[in-house]
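Listed below are the residues making up each chain.
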Amino acid sequence: MLFLVVIIFALLLFLWAARQKLHRHQEALRRLGQSLARKQPFLGEEDPALLGLEFQQLCGTANDLVTGYNRLSQFSNSQLAQIDATLGSLKEAVMILDEQNRIMLANGALHALFPRTRGVPQQRLELALDSREFLEYVIAVRNGNAPTQQEVEFIDGGASIWVEATGALIPAIDQPTGFWALFVLHDVTRQKKLEGLRRDFVANVSHELRTPLSVIKGYVETLVDGGRDLPVEDREQFLLTIQRHTERLNSLLEDLLTLSRLESATPGLNAEKINFAALISGVVEDVGRRPAATGHNIKVLLEPGVGELSVDPLKITQVFENLIDNALKYTPRGAVIEVTAKLENAGVEVCVRDNGPGIPAEDLSRIFERFYRVDKGRSREKGGTGLGLSIVKHIIQLHGGRVWAESELGKGAAFFFSLPRRNE
Ligand code: ADP
């Protein structure tokens, strides 16, 4: 009996000891887990030796791994920081993508180009930038079959951003194997826009030249082939048509030359102090004597004190001529044209107003563009080139002024420009 009691007691003691040990193991494992989660070496108060050799080995290996991981992560962070500092000063936009297409590094120029990449660390490329073409280029770079450079379009808030992208694989910074990808993006949006403008311009010029040239060619051919058999009146009519179209070509070329000079790096502003009121009166008198002005009533209203102004008189004369010419061209006989000048903000504000048909609101903001016409047929029939207002805008901007138009359909159009008083 006593023997049985001793055995039961010993068994209970053994079970209690085993439970204590198990509990210690569980507790130690929980703390080891916590240390690993915090990426810190395990320094439990429990002596690992108490928990057995295996647990001691496990803790040693875990601590080695944590130390190695920390060293590697410190190294990669410092490498990224170094690269970041180097790329930060570059004017070209640069970004580094990891294998999951997360943006691991983007320099200031890239943030400036794509503000959506700012402030979100390790953002996914697809979320930050909108360009299927670029994603395909990234894949091609990873597969090693990408061209050295590729032109790519990004859509940002409805607007296009064009870049020349160059990509290369680099060793992954966070692991000994694997590759990340580095991209340099050169912003070519401005060049692309200019290219588009140039293309449109060449197309417009060709179109404008084609009509008068083909008319001249047709009539000249008729005159050459059977000119002698033609009645004299028909011949004269043909010659007059040729003359009209030659004049049209001539004014087009003159306007084009004027524009190209104004847009050049040396537009040649020959400013001199002149009596501004006298200049206006002189131009109006000249224009008023032209046949086109017959039947129109041109008035000049000058505020006293407009006085002297430093401007290029030839160029400002051209501005007045273009604006008054337009008012004469686009209004019927009997229309009133008013030229006013008043002192405004230490400069002068001029207005050429007519009471003709006016300009529709949707065209008003575009009439200063090259070759923009509200009614193409009417402009050509009146000998217009579509460049007059563009020349006006350039001349006024060269003087540091501003030009704008106001109109109410059926009630006339008013063209304003301001000229600052310059201290020369
Ligand atoms: P254009 O040689 O055709 O006159 P402009 O550049 O001088 O070219 O003018 C651009 C367009 O603006 C004209 O084709 C015309 O449709 C419109 N426009 C200019 N001035 C007036 C005006 N005073 N009244 C109505 N429309 C005008």
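Presented here is a report on the structure given in the accompanying data block.

The rules we used
Residues numbered from 1 in each chain as written. Predicted model: local features only at pLDDT ≥ 70, side-chain atom pairs only at ≥ 80, totals over all residues. Heavy atoms only, no water. Near = heavy atom within 4 Å. Polar contact = N/O pair within 3.5 Å; in protein donor to acceptor, adjacent residues only side chain to side chain. Helix = DSSP H or I, 4+ residues; strand = E, 2+ residues; numbered from the N terminus. Nonpolar A, V, L, I, M, F, W, Y, C, P; charged D, E, K, R; others polar. Core = buried A, V, L, I, M, F, W, Y, C linked by side-chain atoms within 4.5 Å. Buried < 20%, exposed > 50% of the residue type's maximum accessible area, 1.4 Å probe, protein only. Domains from an automatic or database assignment. Contact = heavy atoms within 4.5 Å. Pairing = 2+ DSSP bridges. Axes fitted to C-alpha atoms, helices over the stretch in contact; angles between N-to-C directions. Parallel < 35°, antiparallel > 145°, perpendicular 65-115°, else oblique. Left-handed = near helix turned anticlockwise from the far one by under 90°.

### A short note on the site of the ligand
- Lining the immediate environment of the ligand, one finds 20 residues, of which Asn326, Tyr330, Ser379, Thr385 and Gly386 sit closest.
- Here Ser379 contributes a side-chain N or O atom positioned 2.6 Å from an oxygen atom of the ligand.
- If you list the elements that add at least two residues to the shell around the ligand, you get α9 (313-329) and α12 (388-398).
- The leading source of residues in the shell around the ligand is α9, at 3 residues.
- Class assignment of the residues belonging to the shell around the ligand gives a composition of 9 nonpolar, 7 polar and 4 charged.

### Section: the nonpolar core
- Of all hydrophobic cores here, the largest spans 47 residues; its most connected members are Phe276, Ile316, Phe320, Ile367, Phe415 and Phe417.
- Here this core gets 7 residues from one element, more than from any other, and that element is α9.
- Of the domains in this structure, domain 3 (193-262) and domain 4 (272-420) are the two that each give at least three residues to this core.
- The contacts of Phe417, once residues within four sequence positions are left out, are Val319, Phe320, Leu323, Val348, Glu349, Val350, Ile396, Arg402, Val403 and Trp404.
- Residues Leu113, Leu125, Val138 and Phe183 belong to the second largest nonpolar core, which totals 24 residues.

### A short note on the pairing of strand β1 (residues 93-97)
- Here β1 lies mainly inside the structure; 5 of its 5 residues are buried.
- One ladder, built from 5 bridges, connects β1 with strand β5 (residues 179-187); its direction is antiparallel. Its bridge partner being in β5, Val94 is matched across the sheet by Val184.
- Bridge count between β1 and strand β2 (residues 103-106): 3 bridges; the pairing is antiparallel. Looking at the pairing, Leu97 lines up with Ile103 of β2.
- With antiparallel pairing between neighbouring strands as the criterion, β1 and β2 make up a hairpin whose turn holds 5 residues, including Asn101 at a positive phi of roughly 60°.

### Some details on the environment of Asp255
- One can find Asp255 in helix α7 (residues 232-263).
- Sequence separation between Asp255 and Ser281 is 26 residues, and the spatial gap between their C-alpha atoms is 24 Å.
- Setting aside chain neighbours within four positions, we find Asp255 in contact with Thr385, Leu387 and Ile391.

### Quick look at the packing of α7 against α12
- At a minimum axis distance of 10 Å, the contact between α7 and α12 shows a crossing angle of 25°. The orientation of α7 with respect to α12, classified from their angle, is roughly parallel. Both α7 and α12 take part in a crossing whose hand is left-handed. Taking contact as the criterion, the partners of Asp255, Thr258, Leu259, Leu262 and Glu263 in α7 are, on α12, Ser390, Ile391, His394, Ile395 and Leu398.
- For the contact of α7 with α12, the class distribution of residues is 5 nonpolar, 3 polar and 2 charged.

Remember, this is a structural readout, not a statement about activity or role.
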